[in-house]
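The lines below spell out each chain.
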Amino acid sequence: MVEVTARPRSLVDVPLHYCPGCTHGIIHRLVAEAIDSLGIRERTIGVASVGCSVFIYNYLDVDFQQAPHGRAPAVATGIKRVLPDRVVFTYQGDGDLASIGAAEILHAAARGERITVIFVNNAIYGMTGGQMAPTTLSGMKTTTTPFGREIRQAGGALRVVELLAGMDGVAYAAREAVTSPARIHRARRAVEAAFRAQIEDRGLGIVELLSTCPVNWKLPPVEAVAWCEANMIPAFPLGVLKDTTGSGG
Ligand SMILES: Cc1ncc(C[n+]2csc(CCOP(=O)(O)OP(=O)(O)O)c2C)c(N)n1
Ligand code: SF4
């Protein structure tokens, strides 16, 4: 029998704890595939943040440090500066990165830290019960915006990669979604390119991945994917915003 889709070596063979239909698991796999294909497993260090995805350290077979509440880019900076031959990445949700951790990611990007940032945007705080995040869409109902996010009161959704792509220290910035096989394929290329920006010592690499949270969106998994396609992609346009190799990712 020919094996067409083998489990990536860097992905541990244990059941995932995520809710049915949550796409954090797909993104874990993409990170594992990038680590395998770049041949960096023995020298990669992940920094897990907070939220549903914090348990990524149970699923990837690489060293990990946890730095909750937005501090992952600062801790990753420290690790990379002490151990410059390692490949260091953070894995952060939108609540973690764009809210309490906004200063850390902005300044790591401004400094051009040689780290890779995997930024999972599900437009909501997942683990703590579905509160509004900086990425919550206009009009979107959450536990803290029960009548829908109102721009006049709460501002508009933060477009993180657009913000970071304008900074000199950022070598690669892209946004993709994991809502279909074709999109997942593009996301895989973006994750790998964000790692390459670090390996080639060009600067900070960030990939924002549009993800689902069926439980807090109160939608069945298939409808959650459709909701992401219909509502999130128009608000957060996909594509490579910056690539200092000029290869288009
Ligand atoms: C009441 C309360 N406030 C704040 C926290 C800290 N905290 C843990 S998870 C989390 C939200 C994480 O959301 P996000 O980063 O979007 O990740 P997701 O869970 O959606 O993957 C926060 C703020 C907490 N545990 N409890
Ligand atoms: S609460 Fe949302 S983000 Fe967290 S595991 Fe469930 S579906 Fe995924």
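Here's a quick rundown of the structure. (Residues numbered from 1 in each chain as written. Chains lettered and ligands numbered in written order. Predicted model: local features only at pLDDT ≥ 70, side-chain atom pairs only at ≥ 80, totals over all residues. Heavy atoms only, no water.)

On to the layout of surface pockets. In this structure, the largest pocket spans a volume of roughly 430 Å³. Every residue lining the largest pocket is counted, 28 residues in all, and those nearest its centre are Gly51, Cys52, Tyr125, Gly126 and Met127. Elements with a contribution of two residues or more to the lining of the largest pocket: α3 (94–100) and α8 (214–217). Ranked by residue count, the leading element in the lining of the largest pocket is α3, at four residues. (1 Å grid on protein atoms, 1.4 Å probe; cavity = no way out; pocket = protein on both sides within 12 Å on 5 of 7 lines; lining within 4 Å. Points joined across faces, edges and corners; volume = space filled by probe spheres on them. Helix = DSSP H or I, 4+ residues; strand = E, 2+ residues; numbered from the N terminus.)

Within the open sheet, the seven strands sit side by side as β2-β1-β3-β4-β6-β5-β7. Their pairing is mixed. The outermost strands of the open sheet, each flanked by one partner alone, are β2 (63–66) and β7 (239–243). Adjacent strand axes in the sheet meet at a mean angle of 15 degrees when their direction is disregarded. In this structure, strand β3 (residues 87–93) lies alongside strand β4 (residues 116–121), joined through five bridges in parallel fashion. Directly across from glutamine 92, in β4, lies its bridge partner phenylalanine 119. Strand contacts of helix α2 (residues 72–82): β1 (44–48), β2 and β3, with the helix running at about 175 degrees to β3, the strand carrying the most contacts. (Pairing = 2+ DSSP bridges. Axes fitted to C-alpha atoms, helices over the stretch in contact; angles between N-to-C directions. Contact = heavy atoms within 4.5 Å.)

Next up on the list: the packing of aromatic side chains. Here the structure, examined in full by the defined rule, presents five aromatic pairs. Their ring planes at 45 degrees and their centres at 6.0 Å tell us that tyrosine 18 and tyrosine 59 sit as a pair that is tilted. In this pair, tyrosine 18 sits in the segment before α1 (24–38) while tyrosine 59 sits in the loop between β1 and β2, placing the two residues 41 residues apart along the sequence. Note on tyrosine 18: relative accessible area 11%, which makes it buried. The class for tyrosine 59 is buried, based on a relative accessible area of 5%. For the ring pair tryptophan 217 and tryptophan 227, a centre distance of 4.6 Å and an interplane angle of 50 degrees mean the geometry is tilted. (Phe/Tyr/Trp six-rings, centres within 6.5 Å; stacked < 30°, edge-to-face > 60°. Buried < 20%, exposed > 50% of the residue type's maximum accessible area, 1.4 Å probe, protein only.)

Moving on, we get to the site of ligand 2. Ligand 2 sits among Tyr18, Cys19, Cys22, Cys52, Asn122, Gly126, Cys213, Pro214 and Asn216. Cavity membership is defined here by more than half of the atoms lying within 2 Å of grid points; on that basis ligand 2 lies in the largest pocket. A class-by-class count of the residues in the shell around ligand 2 yields six nonpolar, three polar and no charged. (Near = heavy atom within 4 Å. Sits in = over half its atoms within 2 Å of the grid points. Nonpolar A, V, L, I, M, F, W, Y, C, P; charged D, E, K, R; others polar.)

Mapped onto the elements, isoleucine 26 comes out in helix α1. Between the C-alpha atoms of isoleucine 26 and glycine 93, which are 67 residues apart in sequence, the distance is 14 Å. Not counting chain neighbours up to four residues away, the residues in contact with isoleucine 26 comprise Val178 and Ile184.

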